[in-house]
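Residue strings, one per chain:
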Amino acid sequence: MLKKYASYVIGLLMLLLLVTACSTDETTNDPSQENDNNETKTADAAEELKLPETDLQKMDEGTAVQALQEVLNEIGYSITSNGNFDDTTTWAVTDFQLQQEDLLALGVYNAETKEALEELLSTGDTVEAEAGLPLDAEEASTSHEDTHVLANPYDQLALVNKQYALPSDYTPDDLVVPDVPFPFDEDLPQKQLRAVAADALEELFQAADEAGLDLVAQSGYRSYDRQDTIFASNVEAHGEEAANNFSAQPGESEHQTGLTMDVTTPHINNELTIEFGETAEGKWVEEHAAEYGFIIRYPEGKEEITEYQFEPWHIRYVGEKTAQEITAQAITLEEYYGVE
Ligand SMILES: [Zn+2]
């Protein structure tokens, strides 16, 4: 009797399940259900356009880069979503940054850029591509016939040397004077660095000071015109061949990037000479610069590649990630890019 009753209940339950399943099927034809489906699709699209959480920069690869490229396409760029943080991606990031008042134009995808992109995505607005920076560089004449002019001088990772020059009209728009000791009191332009490099230099100097060392900053930003004057006077004093070995032609000086500072110490009378490398300060800089995002740009033994003599005093900001990589491998920026 009990058994019979149990099977009756089970049978009823099964029937109920069947009815429920049928009614679920039926509701898919309900117009309100269709709307729900569309909403789900929109939510999926937003999910696909999720911005990467990690910082990204030139030469990075993978799904995070691809996700960023898809967002850039969504907001008005038309770049290839190939997962390679290539020159075009660097340009798009820089162009976007140049159009945002609060962002530093570095070509690097960072937390601040993520926030600005998120805001734009949420409003559904787009940007006008190239309104900040044209995609292609204007051809400019340089003294060297085989010199290319950089299309993106804002790029934190820009390679500037005797083959790759900055445009003559390029002046960084975020120059500031870092709060570090200088061996002179005058308020000269050479005290300046781009904001990102100035912050990093302050940290480097702070750490050196805590280690009981006396660093001074001698020469940072230098305009195209100033470099023109310097090179001309070096040619006059030493001849063109010699001048080319230690001095840069206008446009080809890293100092124009605003990412480079020549540092020295009062222990060698604040001079920019090879002796700096032998001082406690010079050795400390060589060992610790990368922790603050700087590299010794013209290392000893790499003269053939950099086309400059060893300059232990000339440090260039490239960001911590690249600086650590370059320093660990004991390579130059040229070798990092494979353009020796
Ligand atoms: Zn220098």
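Since the structure is predicted, the reported quantities are computational estimates derived from the model, not experimental observations.

What to know about the coordination of the zinc ion
(1) Moving on: Looking at the zinc ion, the protein donor atoms are H255 (NE2), D262 (OD), D262 (OD) and H314 (ND1), and they sit 2.1 to 2.8 Å from it.
(2) Moving on: Coordination at the zinc ion comes from four donor atoms whose angles at the metal span 51 to 154°, giving a geometry best classed as irregular.
(3) Moving on: Within one chain, the residues serving as donors to the zinc ion are arranged as H-x6-D-x51-H.
(4) Moving on: Of the residues examined, H255 reaches a relative accessible area of 4% and is grouped as buried.

Re the environment of T90
(1) Moving on: Relative to the helices and strands, T90 resides in helix α4 (residues 87–98).
(2) Moving on: What makes T90 buried here is its relative accessible area of 2%.
(3) Moving on: The spatial distance from the C-alpha of T90 to the C-alpha of V108 is 7.0 Å, given a sequence separation of 18 residues.

Considering the pattern of salt bridges
It is possible for side chains bearing opposite charge to pair when their charged atoms get close.
(1) Moving on: Within the structure shown, the criterion is met by twelve salt bridges.
(2) Moving on: Among the ionic pairs, D87 bridges to K58, the shortest N-O distance being 3.8 Å. Of this pair, D87 sits in helix α4 while K58 sits in the loop between α2 (31–48) and α3 (63–74); the two residues are 29 residues apart in sequence, bridging distant segments of the chain.
(3) Moving on: Judged by its relative accessible area of 55%, D87 is exposed.

What about the sheet that holds strand β5 (residues 216–219)?
Strand pairing in a sheet is mediated by backbone hydrogen bonds. Such pairs are either parallel or antiparallel.
(1) Moving on: The four strands lie next to each other as β5-β6-β8-β7, forming an open sheet whose pairing is antiparallel. Because the sheet does not close on itself, it has two edges, and the strands there are β5 and β7 (294–298). Within the sheet, the average angular offset between the axes of one strand and its neighbour, ignoring direction, is 45°.
(2) Moving on: As paired strands, strand β6 (residues 260–264) and strand β8 (residues 311–317) are joined by three bridges and run antiparallel to one another. Note on β8: the bridge partner recorded for D262 is H314.

Notes on the pairing of β8
(1) Moving on: Counting buried residues in β8 gives seven out of seven residues, a clear majority hidden from the surface.
(2) Moving on: In the sheet, β7 pairs with β8 via four bridges, with the strands oriented antiparallel. Residue pairing across strands places Y298 opposite E311, the latter belonging to β8.

Section: the environment of T332
(1) Moving on: Looking at the secondary structure, you find T332 in the loop between α11 (320–328) and α12 (333–337).
(2) Moving on: Spatially, the C-alpha atoms of T332 and T306 are 7.5 Å apart, while their sequence positions differ by 26 residues.
(3) Moving on: Aside from chain neighbours lying at most four places away, what touches T332 is P299, K302, I305, T306 and I326.

A short note on the confidence of the model for the chain
(1) Moving on: Mean pLDDT for the chain: 88, with 83% of residues reaching 70 or above.
(2) Moving on: Contacts from residues 9–44, a stretch scored under 50 in pLDDT, to residues over four places away or in other chains number two contacts.

Examining the environment of Y308
(1) Moving on: Looking at where Y308 falls in the secondary structure, it is placed in the loop between α10 (303–306) and β8.
(2) Moving on: The class of Y308 is buried, set by a relative accessible area of 4%.
(3) Moving on: Considered as a pair, Y308 and Y298 are ten residues apart in the sequence and their alpha carbons are 6.4 Å apart.
(4) Moving on: The contact partners of Y308, leaving out residues within four places of it in the chain, are K162, N244, N245, F246, S247, A248, E252, Y298 and E303.

Digging into a negative patch on the surface
(1) Moving on: Taken together, the side chains of D199, E203, E271, E275, E278, E286, E287, E291, E300, E303, E304 and E320 make up a negatively charged region of the molecular surface.
(2) Moving on: Of all elements in the fold, only α6 (195–210), α9 (280–288) and α10 reach the threshold of two or more residues within the negative patch.
(3) Moving on: Mapped onto the fold, E278 is located in the loop between β6 and α9.
(4) Moving on: Classification of E278 by relative accessible area gives exposed; the value is 59%.

Overview of the packing of aromatic side chains
(1) Moving on: All told, the structure shown has seven aromatic pairs when counted by the stated rule.
(2) Moving on: Between Y77 and W91 the ring centres are 5.4 Å apart and the planes differ by 90°, which places this aromatic pair in the edge-to-face class. Taken together, the residues span a long stretch of sequence, with Y77 in the loop between α3 and α4 and W91 in helix α4 at a distance of 14 residues.
(3) Moving on: For W91, a relative accessible area of 7% puts it in the buried group.
(4) Moving on: Across from the ring centre of Y308, 4.2 Å away, lies the NZ or CZ of K162, which sits over that ring.

Procedures and definitions
- Residues numbered from 1 in each chain as written.
- Predicted model: local features only at pLDDT ≥ 70, side-chain atom pairs only at ≥ 80, totals over all residues.
- Heavy atoms only, no water.
- Donors = N, O, S within 2.8 Å, 3.2 Å for Na, K, Ca; no water.
- Tetrahedral: all angles 85-135°; square planar, octahedral: opposite > 155°, others 65-115°.
- Buried < 20%, exposed > 50% of the residue type's maximum accessible area, 1.4 Å probe, protein only.
- Helix = DSSP H or I, 4+ residues; strand = E, 2+ residues; numbered from the N terminus.
- Salt bridge = Lys/Arg side-chain N within 4 Å of Asp/Glu carboxyl O.
- Pairing = 2+ DSSP bridges.
- Axes fitted to C-alpha atoms, helices over the stretch in contact; angles between N-to-C directions.
- Contact = heavy atoms within 4.5 Å.
- pLDDT = per-residue confidence, 0-100.
- Patch = residues over 30% accessible without salt bridge, like charges linked within 9 Å, V, L, I, M, F, W, Y side chains within 5 Å.
- Areas by Shrake-Rupley, 256 points an atom, 1.4 Å probe, with all protein chains shown as cover.
- Lys, Arg positive; Asp, Glu negative; His and termini not counted.
- Charge placed at Lys NZ, Arg CZ, Asp CG, Glu CD.
- Phe/Tyr/Trp six-rings, centres within 6.5 Å; stacked < 30°, edge-to-face > 60°.
- Lys NZ or Arg CZ within 6 Å of the ring centre and 35° of its normal.

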